[in-house]
Amino acid sequence: KTDTTQDQKKKVAVIVSTLNNPWFVVLAQTAAAKAEALGYEAKIFDSQNNTSLEADNFDNAIASGYNAILFNPTDADGSVVNVLKAKAAGVPVFCMDREVNSTDAATSQILSDNYSGCVAIGKYFVEQMHKQGKYVEILGLVGDNNTWNRSKGFHSVVDVYPGLKMVAQQSADFDRNKAMETMETMLQAHPEINAVFCGNDAMASGAYQALVAAGKANDIKVFGFDGAEDVVNSIKDKKIVATGMQFPKVIAQTAANDADEYFKGKRDFPKKMPVAVELVTQENVNEYMGYGKAPNP
Amino acid sequence: MEAVIPAKKYKLQLAKFQSLIALFVLCLVISLLSDKFLTATNAWNVMRQISVNICISVGMTLVVLTAGIDLSVGSVLALCGAITAGLLKNGIEIPSSNLYIGFTILGAVVAGLLAGSLLGWFNGWAITKFKVPPFVATLAMLTIARGLTMLWTKGFPITGLNESFAYIGTGWFIGIPLPVWISGIIVFIAVIITNKTKLGRYIYAIGGNENAAILSGINIKKIKIIVYSMAGTLAAVGGLLVTSRLDAAQPNAGTGYELDSIAAVVIGGTSLSGGRGSVLGTVLGAIIIGVLNNGLVLLNVSPFWQQVVKGFVILIAVIIDKANAKNE
Amino acid sequence: MEAVIPAKKYKLQLAKFQSLIALFVLCLVISLLSDKFLTATNAWNVMRQISVNICISVGMTLVVLTAGIDLSVGSVLALCGAITAGLLKNGIEIPSSNLYIGFTILGAVVAGLLAGSLLGWFNGWAITKFKVPPFVATLAMLTIARGLTMLWTKGFPITGLNESFAYIGTGWFIGIPLPVWISGIIVFIAVIITNKTKLGRYIYAIGGNENAAILSGINIKKIKIIVYSMAGTLAAVGGLLVTSRLDAAQPNAGTGYELDSIAAVVIGGTSLSGGRGSVLGTVLGAIIIGVLNNGLVLLNVSPFWQQVVKGFVILIAVIIDKANAKNE
Amino acid sequence: MLVAENITKKFSGVTALDNVCLELHTGKVNAIIGENGAGKSTLMKILSGVYAEYDGRIVFKNQPVRFQNTRQAQAAGIAIIHQELNLIPYLSVTENIFLGREITTPWGMLNKKQMGNKTQELLNRLKLSVSPDTKIAALKVGQQQVVEIAKALLLDAEVIIMDEPTSAISESEVEVLFSIIEQLKKENKAIAYISHKLDELFKIADRYIVLRDGKAIESGDMKGMTDDSIIQKMVGREIKIVRKAVVTGKDKTLLSVDNISLKHPVRKNDQLLKNISFKLKKGEILGIFGLMGASRTELLETIFGMHSKRSAGTVEIEGKQTNIKSPVGAISAGLALVPEDRKKDGLVLGLDVKANICLTTLQDMQSIGLLNSRKETSLAKKYIGDLKIKTFSEKQLVKNLSGGNQQKIVLAKWLATKPKVLMLDEPTRGIDINAKNEIYKLILQLADEGLGIIVVSSELPEILAVSDRILVMAEGTITAEFAANDATEDNILKAAIPKTI
Ligand SMILES: Nc1ncnc2c1ncn2[C@@H]1O[C@H](COP(=O)(O)OP(=O)(O)OP(=O)(O)O)[C@@H](O)[C@H]1O
Ligand SMILES: Nc1ncnc2c1ncn2[C@@H]1O[C@H](COP(=O)(O)OP(=O)(O)OP(=O)(O)O)[C@@H](O)[C@H]1O
Ligand SMILES: [Mg+2]
Ligand SMILES: [Mg+2]
């Protein structure tokens with residue numbers, strides 16, 4: 001199916017798990033932009049967090065003759081079949097951010113390691129809390145495995161310290177408003193807490209908003225994850241303590257480049273290429289901007 | 001079913017009280033399990049949290065009373081919130097002629113509300129002009145408005161709006177949170193409209209028997225368009241509250257709110273086939289849902305179990321309602 | 001409005017054809033804009049993609065014909081898929097007495113389907129026994145089933161099911177994908193039931209005029225329970241298809257499917273107030289939606305615009321339907 | 001044959017039946033008579049298993065029985081034609097008639113052919129010329145009524161209860177029905193017959209049972225009874241039926257209708273109305289008679305602006321050309337229409353008496369922009385009094401009122417608009433003799449006050465009783481016009497028979 005006739009433009013499909021969250025919008029748009037910059041025709045497919053819709057997107061992409069797929073899976077396991085389907089059709093797949101649990105399905109996987117990212121946050125958390133105090137955790141969608149990668153990474157460190165007690169763990173579906181309301185209510189039950197860890201930055205902002213309303217913004221430390229623009233700014237303003245910076249732009253560009261090299265004939269790609277998640281704190285925040293490094297650190 | 005009629009009649013009159021019973025039981029149980037529940041601050045929390053749903057649900061009640069439905073409230077909420085936020089932050093720039101229009105808070109708010117009425121009006125227009133079933137018309141609007149929100153925000157939240165705008169959603173006025181004032185006033189007006197005005201009576205008549213309403217010289221198209229516009233406007237109010245509370249407009253705000261608000265309406269005893277029900281019933285419905293969510297978190301029920309519990313409680317709440325009504 | 005009645009009647013007879021017109025126009029436009037559209041592979045893609053929605057929507061049609069509604073289909077789909085997958089992969093272990101029960105594919109599939117019928121039965125039971133409005137009862141089930149799914153899967157997808165199970169969702173049989181076969185057979189049976197059996201007749205009767213149905217000595221409770229159980233079972237079938245196609249059961253599978261399937265039903269010309277409509281109409285509705293989604297992707301419409309376009313197309317499709325029916 | 005002993009039935013608030021006893025004899029037509037709200041329908045519903053909860057006992061063929069639902073009653077051999085139509089609008093005639101007792105093939109599939117044929121037979125027997133496959137929704141009330149009758153005839157029961165079977169049908173159909181009843185008598189069935197049309201009772205009834213306010217007053221043989229004696233028993237006092245004193249010399253033209261024609265909603269080149277023109281003078285009562293399907297209803301509806309898209313012709317009120325496009329316009333032009341089917345077009349059953357009566361005049365019920373419930377209540381009370389509406393309060397839900405009282409409410413709501421021209425379509429359908437009389441009086445009185453009144457009716461006595469002038473319609477055209485004093489039953493009927501048969 002992958003006819004390498006140079007005359008007509010090659011087509012690159014960007015299949016992204018969702019556009020409901022700015023992080024993925026950045027990922028998708030950068031990937032598409034890069035692909036176009038490299039002289040290919042690019043199109044974004046939105047899987048709306050729905051793996052079977054993702055399957056449909058693969059069918060459609062393959063059917064309409066795309067030559068490569070820059071792929072952000074909805075689910076590490078659920079998406080494997082889709083990738084294999086593409087492989088069978090001779091369409092190379094380059095995974096972004098999330099991996100698919102299969103060694104040889106994807107041509108290359110550029111991964112943002114949520115788990116170790118949250119390990120780093122956990123460490124900083126412990127340090128900031130001086131190994132002492134109560135905190136609450138706000139989870140993302142309970143049905144989403146990133147939720148658990150992040151939570152597990154965080155707890156792998158924090159749970160070692162008996163002094164740190166998690167008094168409540170609730171889900172807010174990665175949603176800013178839900179996070180705010182959940183936080184408001186948890187503050188009723190546990191006014192004494194010193195910190196809150198949130199599964200993503202939207203929820204961190206929501207939680208912070210609740211703290212402001214309750215006048216506790218200064219007593220309770222907020223930790224987020226993603227590196228969203230507004231949170232990076234809040235960190236600059238000493239509102240939020242820290243977040244885990246993932247690099248959607250870097251990931252997307254690398255994936256696009258891989259595709260480019262693939263077309264040029266390269267075949268031996270590193271199966272997994274992790275893009276480290278960096279810890280953004282009030283000290284080092286100036287090196288960063290929304291979703292990446294600041295132009296001149 | 002001639003035979004159930006007295007039953008129905010009975011239920012109708014008692015409806016509100018019955019929801020009250022359900023609510024009371026619920027509160028009792030929670031307060032027994034958590035000492036944090038029956039505190040002033042928590043009460044205000046719940047009230048503040050449900051105020052958005054109340055705004056939406058009041059509009060939904062009017063629509064449902066005419067035997068219609070409005071699925072677009074969630075997206076309309078998002079779009080109007082985004083519009084207000086966008087105008088407030090960036091104003092309008094016309095690149096070609098490098099013209100820039102800034103917006104005051106009032107200006108932006110009014111613009112948001114107008115957008116809401118407009119979208120609502122469009123629903124009503126499609127429904128009355130082309131006889132499109134309300135379900136389809138508003139379902140279409142659900143996707144359209146969501147899409148427009150994405151286009152307007154480019155998929156990114158609009159954050160860092162100004163201080164005094166945030167006040168709308170977070171401020172207090174003589175000891176009561178502003179959102180509660182706002183939703184309270186809306187409820188008050190809606191109660192007046194439904195019980196004390198021509199419009200209200202016509203709404204019930206249309207839902208009860210459209211033919212009879214037409215023959216009685218009621219301009220049902222006009223009434224319906226008014227009702228859907230109101231629903232849209234109220235959704236916009238909800239959008240303002242959410243946006244100003246978060247000090248940010250989320251592109252995906254209000255997803256799934258349609259179900260929450262219809263749930264409030266139905267739990268409140270309003271019949272989806274129209275003609276029967278009340279705004280106050282809806283308010284109770286919304287409170288029940290709000291208290292439930294609040295309680296589940298207070299009691300730190302595991303996220304896994306929460307949904308199960310929530311489902312059963314809603315079911316039981318409604319069964320308690322019906323219980324008294326079971327005369328046959 | 002005496003005079004619209006024949007109009008309605010007229011529409012009824014033509015309904016299907018009218019949806020056909022809408023569908024035809026849609027296909028024409030897309031195929032003019034994209035050469036990829038009218039290809040065998042793409043056609044099979046669309047068919048395979050809508051087969052799940054068709055399974056669900058057929059059940060939904062029966063429910064809606066009785067003037068009911070089932071919001072729980074999405075979650076039921078997820079739960080049943082997960083149950084089948086879980087049993088298939090892990091079987092049942094009772095830790096206390098270290099007893100282990102393994103499941104064959106058939107066993108697991110049957111278990112999943114039974115679960116579906118059971119959940120559906122529960123809906124019907126709550127609705128008939130306690131007179132809970134279908135909307136509330138199934139809304140409760142929507143949350144409950146979702147919660148149970150989370151509990152059963154602990155929030156993680158169940159993957160790596162066995163080869164031959166995957167065949168159900170991916171295999172072909174005499175040149176036609178299995179899912180298409182399955183949904184086709186279901187449609188066939190449903191058409192028979194609705195047109196040729198007492199059950200079907202009673203379903204229409206209940207939706208058309210419940211009193212009259214009761215006075216004619218029809219056991220409406222029984223019928224309703226049967227119908228909701230069928231809806232549940234069909235949702236389970238959908239769950240099987242999704243699971244086996246992905247070779248994985250997602251905890252959040254089927255979210256929002258209720259709206260998709262109700263949309264298919266209504267676009268297919270079935271009235272939400274019950275008594276009027278047809279299974280074939282629904283199938284057309286589902287195809288229209290499927291073709292639309294497929295087309296928007298083929299035509300390279302940007303995701304944000306897609307939603308806007310989709311909304312308008314649905315609206316227009318229904319307006320085309322109504323057009324002929326507009327005699328007044 | 002069927003004996004009911006000390007039946008008592010209470011509805012929340014109302015005692016509908018109070019220790020009622022009655023016997024239905026085989027081979028006889030047992031007329032059950034009483035005013036609106038006397039409890040006739042309720043009693044019949046108990047006999048036919050609609051209401052399972054009541055005190056007292058029922059003995060059927062010397063067996064005490066207690067039906068839990070209609071199915072059991074049917075099985076035992078008791079069929080009922082309900083006063084209110086109980087049909088599924090979007091199912092066909094056949095499907096309705098066989099509902100709940102479908103014929104199936106050995107494979108459990110519906111045997112449509114056989115049912116279709118059986119239905120056709122029934123329809124022929126009842127001389128109803130519609131296809132068995134027509135949807136009920138497309139039939140007129142009258143035709144639907146006939147379908148209800150067919151439904152009851154299908155299961156050849158031993159007891160057949162007919163609750164006002166003729167309320168919606170006209171002479172010719174009534175004749176057919178009576179011939180069938182005669183036949184049933186020969187087959188030695190017991191028939192319970194409820195009607196407010198006394199002349200019918202004298203034609204076919206053998207015995208009578210009188211109910212008054214939920215009590216059984218007395219029963220006996222119809223022989224030797226007279227109008228007055230029956231009315232006496234029903235009402236409990238003398239009432240004299242008003243007769244129109246024919247007034248002449250009214251000249252001021254109030255309404256004039258010119259060349260009204262109306263297309264058929266479906267068959268575009270069919271005309272339901274063919275250039276109809278007539279004038280109505282101030283204070284005049286114009287009776288319009290016709291057999292079912294003569295398009296009288298369509299005529300009124302068209303004048304009332306309900307079919308503006310399909311109709312042509314002009315309507316002048318007090319010499320002024322009007323341009324009525326909708327009921328809204330019609331009302332403001334001073335027209336009022338009391339529709340033929342109160343449940344479908346007249347009332348919001350879920351609202352209370354007050355709300356229904358005030359629905360047409362809400363603008364007058366306001367003070368400072370809000371509805372003033374005192375004004376509403378007083379208006380409602382006024383008409384409850386004037387029309388003697390039987391309800392325990394103006395807050396009673398309309399759906400809980402007896403058929404007759406519901407009709408009065410529709411009247412009330414239109415009288416409230418103080419119209420110039422009042423159009424009544426079958427105004428006394430299902431209304432008891434006493435109330436009928438009230439309404440006649442009312443009509444005459446309104447006419448004296450200067451209203452122009454059009455009365456459409458399928459009841460000759462009624463037409464003759466009230467009209468100054470009588471138009472006869474057949475197949476959408478006016479076939480004859482009579483002044484009241486030279487109108488006779490048979491010259492009217494002659495004019496009413498469609499030529500094309
Ligand atoms: N479902 C009900 N709920 C409450 N009251 C009822 C109900 N049905 C009937 N009634 C009351 O019972 C009484 C008898 O009603 P019923 O319909 O039997 O009178 P009827 O003799 O049939 O009158 P009509 O000649 O007008 O049909 C009336 O006062 C009516 O208001
Ligand atoms: N909505 C309709 N659809 C189809 N046919 C109709 C419709 N309305 C009226 N007709 C037909 O037009 C004719 C006139 O009916 P209409 O009811 O106006 O006559 P009518 O004299 O008022 O009869 P009735 O005594 O039942 O009131 C009948 O043959 C009827 O079947
Ligand atoms: Mg009666
Ligand atoms: Mg008529």
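Higher on the page you've got the structure.
Quick summary incoming for the structure in this document. (Residues numbered from 1 in each chain as written. Chains lettered and ligands numbered in written order. Predicted model: local features only at pLDDT ≥ 70, side-chain atom pairs only at ≥ 80, totals over all residues. Heavy atoms only, no water.)

## Quick word on the overall build of chain B
Point 1. When you go through chain B residue by residue, the secondary structure sums to 13 helices and six strands.
Point 2. Relative to the compact-globule value of 20 Å for 328 residues, chain B shows a C-alpha radius of gyration of 20 Å, a close match.
Point 3. The buried share of chain B, taken over its 328 residues, is 63%.
Point 4. For chain B, the share of sequence-separated contacts (at least 6 apart) that also reach a separation of at least 24 residues comes to 78%. (Helix = DSSP H or I, 4+ residues; strand = E, 2+ residues; numbered from the N terminus. Rg over C-alpha atoms; globule rule 2.2 N^0.38 Å. Buried < 20%, exposed > 50% of the residue type's maximum accessible area, 1.4 Å probe, protein only. Contact = heavy atoms within 4.5 Å.)

## Observations concerning the coordination of the magnesium ion (ligand 3)
Point 1. Taken together, the protein donors to the magnesium ion (ligand 3) comprise Ser41 of chain D (OG) and Gln83 of chain D (OE1), at separations of 1.8 to 1.9 Å. With serine 41 of chain D in helix H1 (residues 40–47) and glutamine 83 of chain D in the loop between strand S6 (78–81) and helix H3 (93–97), the pair connects residues that are 42 residues apart, well separated along the chain. (Donors = N, O, S within 2.8 Å, 3.2 Å for Na, K, Ca; no water.)

## Quick word on the arrangement of the chains
Point 1. With five pairs of chains in contact, the largest contact count belongs to chains B and C.
Point 2. Taking C-alpha atoms as the reference, chain A and chain D come no closer than 38 Å and do not contact one another.

## Remarks on the interface of chain B and chain D
Point 1. Contacts between the two partners involve 25 residues from chain B and, on the opposite side, 36 residues from chain D.
Point 2. In total, chain B and chain D occlude about 2,600 Å² of area from one another, counting both sides; carbon and sulfur atoms represent 63% of this.
Point 3. Taken together, the connections running from chain B to chain D amount to one salt bridge.
Point 4. In this structure, arginine 201 of chain B engages glutamate 376 of chain D in a salt bridge whose closest nitrogen and oxygen atoms are separated by 2.8 Å. (Buried area = accessible area lost by both parts, 1.4 Å probe. Salt bridge = Lys/Arg side-chain N within 4 Å of Asp/Glu carboxyl O.)

## Quick word on the coordination of the magnesium ion (ligand 4)
Residues and elements named next belong to chain D.
Point 1. At the metal site, the magnesium ion (ligand 4) is ligated by Thr297 (OG1) and Glu340 (OE), and these contacts range over 1.7 to 2.2 Å. Taken together, the positions of threonine 297 in helix H9 (residues 296–303) and glutamate 340 in the loop between strand S16 (335–338) and helix H11 (342–346) put the pair 43 residues apart, joining distant regions of the chain. Here threonine 297 matches glutamate 340 in class, with each residue buried.

## Details of the site of ligand 2
Point 1. Taken together, 18 residues lie around ligand 2, and Lys140, Arg296, Thr297, Glu298 and Glu340 of chain D are the ones closest in.
Point 2. Flanking ligand 2 are residues from chains C and D.
Point 3. Alanine 294 of chain D is positioned such that a nitrogen or oxygen atom in its backbone is 3.1 Å from an oxygen atom of ligand 2.
Point 4. One of the side-chain N or O atoms of glutamate 340 of chain D is found 2.3 Å from an oxygen atom in ligand 2.
Point 5. Look at ligand 2: alone it shows 610 Å² of surface, and the protein chains cover 89% of it.
Point 6. In the shell around ligand 2, the residues fall into seven nonpolar, five polar and six charged. (Near = heavy atom within 4 Å. Polar contact = N/O pair within 3.5 Å; in protein donor to acceptor, adjacent residues only side chain to side chain. Areas by Shrake-Rupley, 256 points an atom, 1.4 Å probe, with all protein chains shown as cover. Nonpolar A, V, L, I, M, F, W, Y, C, P; charged D, E, K, R; others polar.)

## Some points on the pattern of salt bridges
Point 1. Inspection of every chain in the model, using the stated rule, returns 40 salt bridges over all chains.
Point 2. Aspartate 59 of chain A is the partner of arginine 245 of chain C in a salt bridge, and the nearest nitrogen-oxygen pair spans 2.7 Å. Of this pair, arginine 245 of chain C sits in helix H10 (residues 220–246) while aspartate 59 of chain A sits in helix H2 (residues 51–63), which puts the two residues in different chains. Aspartate 59 of chain A shares its class with arginine 245 of chain C; the two are buried.

## Remarks on the packing of helix H2 (residues 40–65) of chain C against helix H11 (residues 257–267) of chain C
Residue and element names in this part refer to chain C.
Point 1. H11 packs onto H2 with a crossing angle of 65 degrees between their chain directions and a minimal axis gap of 8 Å. Taken together, the axis directions place H2 and H11 in an arrangement best described as roughly perpendicular. The handedness of the crossing between H2 and H11 is right-handed. Touching Val52, Asn53, Ile56, Ser57, Met60, Thr61 and Val64 of H2 are Tyr257, Glu258, Asp260, Ser261, Ile262, Ala264 and Val265, all from H11.
Point 2. Of the residues belonging to the contact of H2 with H11, the class tally is eight nonpolar, four polar and two charged. (Axes fitted to C-alpha atoms, helices over the stretch in contact; angles between N-to-C directions. Parallel < 35°, antiparallel > 145°, perpendicular 65-115°, else oblique. Left-handed = near helix turned anticlockwise from the far one by under 90°.)

## Let's talk about the interface of chain B and chain C
Point 1. Taken residue by residue, the interface counts 44 residues in chain B and 45 residues in chain C.
Point 2. In total, about 4,100 Å² of surface goes out of reach between chain B and chain C, with carbon and sulfur atoms giving 84% of it.
Point 3. At the junction of chain B with chain C, the criterion picks out zero salt bridges.
Point 4. Counting across the interface, chain B meets chain C through zero residue pairs in polar contact (both at pLDDT 80 or more).
Point 5. Looking at the side of chain B that touches chain C, the elements that each hand over two or more residues are helix H4 (105–129), helix H5 (134–153), helix H9 (210–215), helix H11 (257–267) and helix H13 (303–325) of chain B.
Point 6. Counting residues per element, the side of chain B that touches chain C draws most heavily on H5 of chain B, at 13 residues.
Point 7. The class makeup of the residues in the side of chain B that touches chain C is 30 nonpolar, six polar and eight charged.

## Some remarks on the sheet that holds strand S15 (residues 320–322) of chain D
All names here are of chain D.
Point 1. Taken in spatial order, the four strands of this open sheet run S12-S11-S14-S15, and their pairing is antiparallel. At either margin of the open sheet sits one strand with a lone partner, and together these are strand S12 (271–281) and S15. If you compare each strand with its neighbour and ignore which way they point, the axes differ by 15 degrees on average. (Pairing = 2+ DSSP bridges.)

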